[in-house]
Amino acid sequence: MRRYIFQILFAACAVCACAQIPSDSIRVSLVTTGPGDKIWQLEGHAALRVQIGETVDMAVNYGMFDFQAPNFVYRFVKGETDYMCAAYPFSIFVSEYITTGRWIHEYPLNLNREEAESLMTYLSDNLQPQNATYRYNYVKDNCATRPVQLVERALGDTLTLIDEPLTDCTTFRDIMRHYHANYPWYQLGIDLALGSGIDHEIGTREKVFAPVLLDSIITTAIRPDGQPLVNNNIRLYDGIPG
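What you see is a predicted model, and the numbers here were worked out from it, not measured in a lab.

S.K.: Just checking my understanding: could you explain helix α6 (residues 172–179) for this structure?
M.R.: For an α-helix the count is 3.6 residues per turn, leaving residues at separations of three or four pointing the same way. Along α6, the positions that sit buried rather than exposed are F172, R173, I175 and M176. One side of α6 carries all its buried residues, which in axial view fall inside an arc of 160 degrees. Packing partners of the buried residues in α6 comprise α7 (184–194), α8 (204–207) and α9 (211–217).

S.K.: Got a minute to help me understand the confidence of the model for the protein chain in this structure?
M.R.: Do not read the fine detail of predicted coordinates wherever pLDDT is low. Averaged over all residues, the pLDDT of the protein chain is 86; the fraction at 70 or higher stands at 83%. Per-residue pLDDT stays below 50 along residues 15–19; that stretch engages in 6 contacts with residues further than four places along the chain or on separate chains.

S.K.: Looking at this structure, I do not really get the packing of helix α4 (residues 113–126) against helix α5 (residues 145–155). What am I missing?
M.R.: Remark: α4 packs on α5, axes separated minimally by 8 Å, with the N-to-C direction vectors making an angle of 130 degrees. As judged from the angle between their axes, α4 and α5 are oblique. Crossing hand, α4 versus α5: right-handed. Together, E115, S118, L119, Y122, L123 and N126 of α4 and R146, L150, V151, R153, A154 and L155 of α5 make up the contact between the two elements. Here the residues of the contact of α4 with α5 are counted per class, giving 7 nonpolar, 2 polar and 3 charged.

S.K.: Help me out: how do you make sense of unusual backbone geometry in this one?
M.R.: Negative phi is the rule for most residues except glycine; trans is the rule for most peptide bonds. Even without being a glycine, L166 presents a positive backbone phi close to 50 degrees. Tracing the sequence through the fold places L166 in the loop between α5 and α6.

S.K.: What's the story with the layout of surface pockets in this structure? I'm lost.
M.R.: Empty space left among the atoms is revealed by rolling a probe the size of a water molecule over them. What the largest pocket holds in volume is close to 410 Å³. Counting residues per element, the lining of the largest pocket draws most heavily on strand β3 (residues 56–64), which supplies 3 residues. Of the residues in the lining of the largest pocket, the class split is 15 nonpolar, 6 polar and 3 charged. Taken as a whole, the second largest pocket spans an internal volume of roughly 250 Å³. Around the second largest pocket, the lining comprises 14 residues; the ones closest to its centre are P35, G36, G101, R102 and I240. Here the lining of the second largest pocket is composed, by residue class, of 4 nonpolar, 7 polar and 3 charged.

S.K.: Teacher, can you tell me more about the packing of aromatic side chains here?
M.R.: The description of two aromatic rings rests on the distance between their centres and on the angle between their planes. Applying the stated rule across the entire model yields 9 aromatic pairs. On the numbers, 5.7 Å between centres and 20 degrees between planes, the contact of F90 with F93 is stacked. Taken together, the positions of F90 and F93, both in helix α3 (residues 90–99) and 3 residues apart, correspond to about one turn of that helix. Using a relative accessible area of 0% as the deciding quantity, one classes F93 as buried. A ring pair is formed by Y138 and F209, whose centres lie 6.4 Å apart and whose planes are at 50 degrees; its orientation type is tilted. Of this pair, Y138 sits in the loop between β6 (133–135) and α5 while F209 is found in the loop between α8 and α9, placing the two residues 71 residues apart along the sequence.

S.K.: Would you take a moment to explain the environment of D57 for this structure?
M.R.: One can find D57 in strand β3. In this structure the C-alpha to C-alpha distance between D57 and Y88, which are 31 residues apart in sequence, comes to 8.5 Å. Those residues in contact with D57 that sit more than four places away from it in its chain are R49, V50, Q51, P89 and F90. Polar contacts involving the side chain of D57 include one to the side chain of R49, which spans 2.7 Å.

Reading the values: the criteria
Residues numbered from 1 in each chain as written. Predicted model: local features only at pLDDT ≥ 70, side-chain atom pairs only at ≥ 80, totals over all residues. Heavy atoms only, no water. Buried < 20%, exposed > 50% of the residue type's maximum accessible area, 1.4 Å probe, protein only. Helix = DSSP H or I, 4+ residues; strand = E, 2+ residues; numbered from the N terminus. Arc of directions from axis to C-beta. Contact = heavy atoms within 4.5 Å. pLDDT = per-residue confidence, 0-100. Axes fitted to C-alpha atoms, helices over the stretch in contact; angles between N-to-C directions. Parallel < 35°, antiparallel > 145°, perpendicular 65-115°, else oblique. Left-handed = near helix turned anticlockwise from the far one by under 90°. Nonpolar A, V, L, I, M, F, W, Y, C, P; charged D, E, K, R; others polar. 1 Å grid on protein atoms, 1.4 Å probe; cavity = no way out; pocket = protein on both sides within 12 Å on 5 of 7 lines; lining within 4 Å. Points joined across faces, edges and corners; volume = space filled by probe spheres on them. Phe/Tyr/Trp six-rings, centres within 6.5 Å; stacked < 30°, edge-to-face > 60°. Polar contact = N/O pair within 3.5 Å; in protein donor to acceptor, adjacent residues only side chain to side chain.

Spelled out as structure tokens, the structure:
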């Protein structure tokens with residue numbers, strides 16, 4: 001119920017505020033965080049930060065799930081887990097990662113008024129209780145791919161992604177093994193569950209499934225009009241080396 005209240009409040013605030021405030025008062029950022037030690041944290045995390053005037057400062061997080069759901073780890077490895085989208089105060093989002101010592105980077109998005117409002121509409125629709133749950137896919141539909149896709153919908157075209165991180169990792173499996181090196185049992189489960197479908201060669205766009213790679217890729221993203229998508233990198237928290 002609390003999650004639904006946050007969702008409804010965000011949607012209501014977004015609709016009311018967008019109609020009443022100056023264009024430069026709607027600010028949307030991509031936020032990325034460093035890896036953690038749980039299996040669902042090994043490639044970091046990504047979310048959106050939405051600020052409207054001086055009254056709204058919310059995280060829109062597509063990475064919410066119920067760990068108590070039956071066979072969670074097994075279903076997670078197989079890509080059969082239901083995830084949820086939720087909006088809640090950004091201060092709560094930040095505190096979770098500071099508590100666990102994981103770095104937090106913020107990338108304000110270069111959006112005009114119309115684009116920002118379009119993105120707000122998509123987010124508000126996603127946050128409706130009947131739309132908030134989606135079938136998580138490890139490499140195609142997750143906390144990192146969803147924000148990128150929504151930004152592209154708001155822009156009306158695809159982004160040009162230039163950066164090519166981890167050049168020695170050319171497949172989904174290569175990237176997974178890179179970040180799962182200390183969790184061989186987990187990687188074995190993925191190898192068995194996902195089979196050969198993660199062995200084809202991938203490009204920069206497909207690498208955004210890993211939030212820690214999106215952190216690098218987003219800095220060189222180009223809008224359809226040739227302008228950079230982000231102009232600044234705000235290091236909200238440097239994390240604890242480990």
